[in-house]
Amino acid sequence: MRKVGGEIQPKAVLAVGEGAKHMLGRTPDNMAAIRPIRDGVVAHLTVTEKMLQHFFSQLHGDSWFKPAPRVLVCVPCGATQVERRAIRECVKNAGAATVSLMVEAKAAAIGAGVPISDPRGSMILDIGGGTSEIAVLSLNGIVYSNSVRIGGDKFDEAIVNHVRRHYKILIGDVTAENIKKQIGQAYANGESLEMEVRGRSMAEGIPRSLLLRSSEVLKALQEPLASIVQAVRMALEKTPPELGADVAERGMVLTGGGALLSGLDLLLKKETGLPVIIADDPLTCVARGGGKYLEMMDSYGVDMLDSD
Amino acid sequence: MSETNFLPTEEVSAGKTLKRHRIERRLSVEKIASELNLTTAVITALEADDYAQLPEPVYTRGYIHAYATLLQLDSKPLLQSHSTATQGTQTLRPVPGLDVALNRFPRKLMLLTATVAIILIGLALAHWMQERTQRSTSQTRPTSLAVPVEPAQPEQLAADTVGTGKLAAWQNLEQRVVRPDATWPGTAAQDAALLQNIDSRSTHVADGQLLLRFTEQCWVEIRDVHGQLLISKLVEAGEQLRIGGQKPLSVLLGNAQGVTVEYAGRPVAIKPFTRNNIARLTVGADDDAP
């Protein structure tokens, strides 16, 4: 995204998605790499619009006739009415024919294949980039849901802070994410991994490298992980006993990119005493669930899942 | 190339593999169950590949993955065998209820209904537009075919009698309206000549001529076989209208109860063609009038 003056005005979009991610923190003065959605809400309206327009144009490729898409947006259950309205407006302006909103946890459950239509309690924990959603679902509805603003970004931030505090070295967000993916651990399982990390020494001002161990990352991640465990405990506490029994019998399903953090299932298993299941392909659960729901909407009508 | 490559690959049974490795490691079912926070019944069912006793695939796959990880095995081949065993499970459906039938109004039928409605609306619009354009063109065309003969304008009548050219043109008109009680001021000779002229046309109903007698005010619209508008006007009560044209003539009467119709000297029953007091009929389609 090119920057015009001091204000960020989307004059020309250079890259979107993965391509733009590689530019994060590496842009010259006349460009800006922007994350338009932060903590599960739209942080930059015009840039989000541009990004969506780019995605919509990708849908139809070079075809001459490009119909406006129906769009289903998954929002955190804690999103306020103002945030929801902003999302609606933004997607409409980007050229969507209709916009429906759906709670993220529900989409994740559908995508994971959790039988939410049954009269049985199913617990789902979706750890996304900005937020973690925890919900208990039954009969296509949400019995309990909670959203904590802790996700992959907070994990990265915790790693950056840890390295800065203990080694006096500054590392970027992308490096922190790589550390998390390669040697990140949520539970000590006896396995020890190492990784060489490069950053800028705060004392000397020159680039330095250090060897980071997985046990240190585990330590760094303790704080955000504790908040997630706390949220899960709270959810179990507030779940009605019948549904709680169902959850205890079958377990809780983990989705979202956070579910890929090594040992997270073991941590939750130990902390809650429940069976913990990592869904197949957890990263795409929400998207797949949303897609399934759109298909179901065609055959059963919009109100099937009481989305708003 | 080794010989084993030609052998059919042995199908991996998730339950049997897990059981074998558990026994090799001298672990009890209870121990595994407590490690995985599951019941012994679930572990037994898993080892027996008895998926009917187990919850939905998402859970079962999670159990297999956790069990395999606990035994330090690669879970991928085991999960693959499970996915071939259980395929096509529907996990999302509407909650069954009394109102499900209402929500399940077939979308295809809805689309069809909408399409038909749109087509009908389009046709109606096209018809209306056509009517409108025809009406406007007929209004611009000189209405020389239907001339009501008004009792007024004695000077003009007198002048007409004098100007024989004009009179001839007037006599050549194909339709005319005659008010029976019309009085004609002017000289007796002129009047007599005129009346005779009119009488010769009005009293004798020629073949293929339509005679309309109005007892009430009525809108009349008549077209000939080519769809050309012969007359389109509001006729007052007590008037008569005589129309000739290339048959069959299509007739529209806005107030059917106030009109009696005769064609070729024979009365025409308009009641069968009347709806909401508006008659639409075609006369002279064949020699036997309707």
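Calculation notes
- Along each chain, residues carry numbers from 1 onward, in the same order as the chain's sequence is written.
- All chains are assigned letters beginning at A, and all ligands numbers beginning at 1, according to the order in which they are written.
- This being a predicted model, a pLDDT of at least 70 is required before a residue's local features are given, and a value of 80 or more before pairs of side-chain atoms are given or counted; all residues contribute to the totals for chains, interfaces and linings.
- Hydrogens and waters are ignored; side-chain quantities use all the structure's heavy atoms.
- Relative accessibility thresholds used throughout: buried, under 20% of the residue-type maximum; exposed, over 50%; partly exposed, between the two (1.4 Å probe, protein chains only).
- Secondary structure elements are taken from DSSP: a helix is a run of H or I of four residues or more, a strand is a run of E of two residues or more, and numbering for both begins at the N terminus.
- This arc is built from the directions going out from the helix axis to the C-beta atoms.
- For two strands to be treated as a pair, DSSP must find no fewer than two bridges joining them.
- Fitting a line to C-alpha atoms yields each axis, with helices limited to the stretch in contact; the angle taken between N-to-C directions then spans 0 to 180 degrees.
- Pairs of residues are marked as contacts when any of their non-hydrogen atoms sit within 4.5 Å.
- Lining residues are defined by having an atom within 4 Å of a point belonging to a cavity or pocket. Those points lie on a 1 Å grid over the protein atoms alone, cavities being sets where a 1.4 Å probe fits but cannot get out and pockets being open sets with protein on both sides within 12 Å along at least five of seven lines.
- Grid points are joined across faces, edges and corners, and a volume is the space filled by probe spheres set on the points.
- Among buried residues, the Ala, Val, Leu, Ile, Met, Phe, Trp, Tyr and Cys ones that are joined through side-chain atoms within 4.5 Å form a nonpolar core.
- The score called pLDDT rates the predictor's confidence residue by residue, from a low of 0 to a high of 100.
- Salt bridges are counted wherever a side-chain nitrogen of Lys or Arg sits within 4 Å of a carboxyl oxygen of Asp or Glu.
- Roughly parallel means an angle under 35 degrees; roughly antiparallel, over 145; roughly perpendicular, 65 to 115; everything else is oblique.
- Two helices that cross are described as forming a left-handed crossing if the nearer one is turned anticlockwise from the farther one by less than a right angle, and a right-handed crossing if clockwise.

1. Focus on helix α1 (residues 14-24) of chain B
Along an α-helix, residues three or four apart share an orientation, since each turn contains 3.6 residues.
Residue and element names in this part refer to chain B.
(1) Moving on: Residues Ala 14, Gly 15, Thr 17, Leu 18, His 21 and Arg 22 constitute the buried set of α1. For α1, the angular spread of buried residues about the axis comes to 165°, placing them on one side. Projecting away from the buried face of α1 at angles above 90 degrees are the exposed residues Lys 16, Ile 23 and Glu 24.
(2) Moving on: A positive phi of about 55° marks Arg 26, the residue just after α1.

2. Observations concerning the sheet that holds strand β7 (residues 141-148) of chain A
(1) Moving on: The strand order β7-β6-β5-β11-β12 (chain A) describes an open sheet built from five strands, whose pairing is mixed. Two strands in the sheet have a free side with no partner beyond their single neighbour: β7 and β12 (276-278) of chain A. The average angle at which neighbouring strand axes cross in this sheet is 20°, direction not considered.
(2) Moving on: Alignment of strand β5 (residues 122-127) of chain A against strand β6 (residues 132-138) of chain A, held across six bridges, turns out to be antiparallel. Paired with A:Asp126 across the strands is A:Glu133, a residue of β6(A).
(3) Moving on: On top of the sheet, helix α4 (residues 57-70) of chain B reaches β5, β11 (252-255) and β12 of chain A; it is set at about 100° to β12(A), its chief contact.

3. Some points on the layout of surface pockets
(1) Moving on: Space inside the second largest pocket adds up to approximately 1100 Å³.
(2) Moving on: Around the second largest pocket, the lining is made up of 39 residues, and of these A:Gly263, A:Asp265, A:Leu266, B:His65 and B:Thr69 lie nearest the centre.
(3) Moving on: When contributions to the lining of the second largest pocket are tallied by element, the ones reaching two or more residues are α6 (173-183) and α9 (264-272) of chain A together with α2 (29-36), α4 and α5 (75-85) of chain B.
(4) Moving on: In terms of residues, the lining of the second largest pocket owes the most to one element, α4(B), which gives six residues.

4. With respect to the nonpolar core
(1) Moving on: Membership of the largest hydrophobic core comes to 46 residues, with the highest contact counts inside it found for A:Val114, A:Ile124, A:Val253, B:Ile43, B:Ile64 and B:Tyr67.
(2) Moving on: If you tally residues by element for this core, the top one is α4(B), at seven residues.
(3) Moving on: The residues contacting A:Ile124, other than those within four sequence positions of it, are A:Ala105, A:Ala108, A:Ala109, A:Val114, A:Glu133, A:Ile134, A:Ala135, A:Leu137, A:Val253 and A:Thr255.
(4) Moving on: Of all hydrophobic cores here, the second largest spans 39 residues; its members include A:Tyr144, A:Ile179, A:Ala186 and A:Val217.

5. Looking at the confidence of the model for chain A
(1) Moving on: Of the residues in chain A, 94% reach a pLDDT of 70 or more, and the chain-wide mean stands at 87.
(2) Moving on: Here residues 1-7 of chain A scores under 50 on pLDDT; set against residues more than four positions off or in separate chains, the count is 21 contacts.

6. Considering the pattern of salt bridges
Opposite charge on two side chains permits them to pair, given that their charged atoms come into close proximity.
(1) Moving on: One pass over the full model with this rule turns up 15 salt bridges over all chains.
(2) Moving on: Bridged by salt links that share partners, the residues A:Lys21, A:Glu177 and A:Lys181 form one connected network.

7. Digging into the pairing of β7(A)
All names here are of chain A.
(1) Moving on: One ladder, built from seven bridges, connects β6 with β7; its direction is antiparallel. Looking at the pairing, Val 136 lines up with Tyr 144 of β7.
(2) Moving on: From the end of β6 to the start of β7, which pair antiparallel, there are two residues, and Leu 139 there has a positive phi angle of about 50°.

8. Some thoughts on the packing of helix α2 (residues 45-60) of chain A against helix α3 (residues 81-93) of chain A
Residue and element names in this part refer to chain A.
(1) Moving on: Relative to each other, α2 and α3 sit at 45°, their axes nearing to 8 Å. On the basis of the axis angle, α2 is oblique to α3. Two packed elements cross with a definite hand, and for α2 against α3 that hand is right-handed. Facing Leu 45, Thr 48, Glu 49, Leu 52, Gln 53 and Phe 56 of α2, the residues of α3 in contact are Ala 86, Cys 90, Val 91 and Asn 93.

9. Regarding the environment of A:Ala97
Residue and element names in this part refer to chain A.
(1) Moving on: Looking at where Ala 97 falls in the secondary structure, it is placed in the loop between α3 and β4 (98-103).
(2) Moving on: A C-alpha to C-alpha distance of 8.5 Å links Ala 97 and Pro 67, two positions 30 residues apart in sequence.
(3) Moving on: Those residues in contact with Ala 97 that sit more than four places away from it in its chain are Ala 68, Pro 69 and Lys 92.

10. Quick look at the sheet that holds strand β9 (residues 194-201) of chain A
Two strands in a sheet stick together by hydrogen bonds in their backbones, pointing the same way (parallel) or opposite ways (antiparallel).
Residues and elements named next belong to chain A.
(1) Moving on: Ordered by their spatial adjacency, three strands build an open sheet running β8-β9-β10, and the pairing between neighbours is antiparallel. Both outer strands of the open sheet, β8 (169-170) and β10 (207-213), are each paired with one neighbouring strand and no more.
(2) Moving on: Bridge count for β9 against β10 is seven bridges, and the pairing is antiparallel. Bridging across to β10, Glu 194 finds its partner in Arg 213.
(3) Moving on: Each of β9 and β10 touches α6; the most contacted strand, β9, lies at about 165° to it.

11. Points about α2(B)
(1) Moving on: All of the buried residues along α2(B) are B:Val29, B:Ile32, B:Ala33 and B:Leu36. Each buried residue of α2(B) sits inside an arc of 100° when the element is viewed along its axis, so together they form one side.
(2) Moving on: Looking at the buried positions of α2(B), the neighbouring elements they touch are α9 of chain A together with α1, α3 (40-47) and α4 of chain B.
(3) Moving on: Just downstream of α2(B) lies B:Asn37, where phi reads positive at about 60°.

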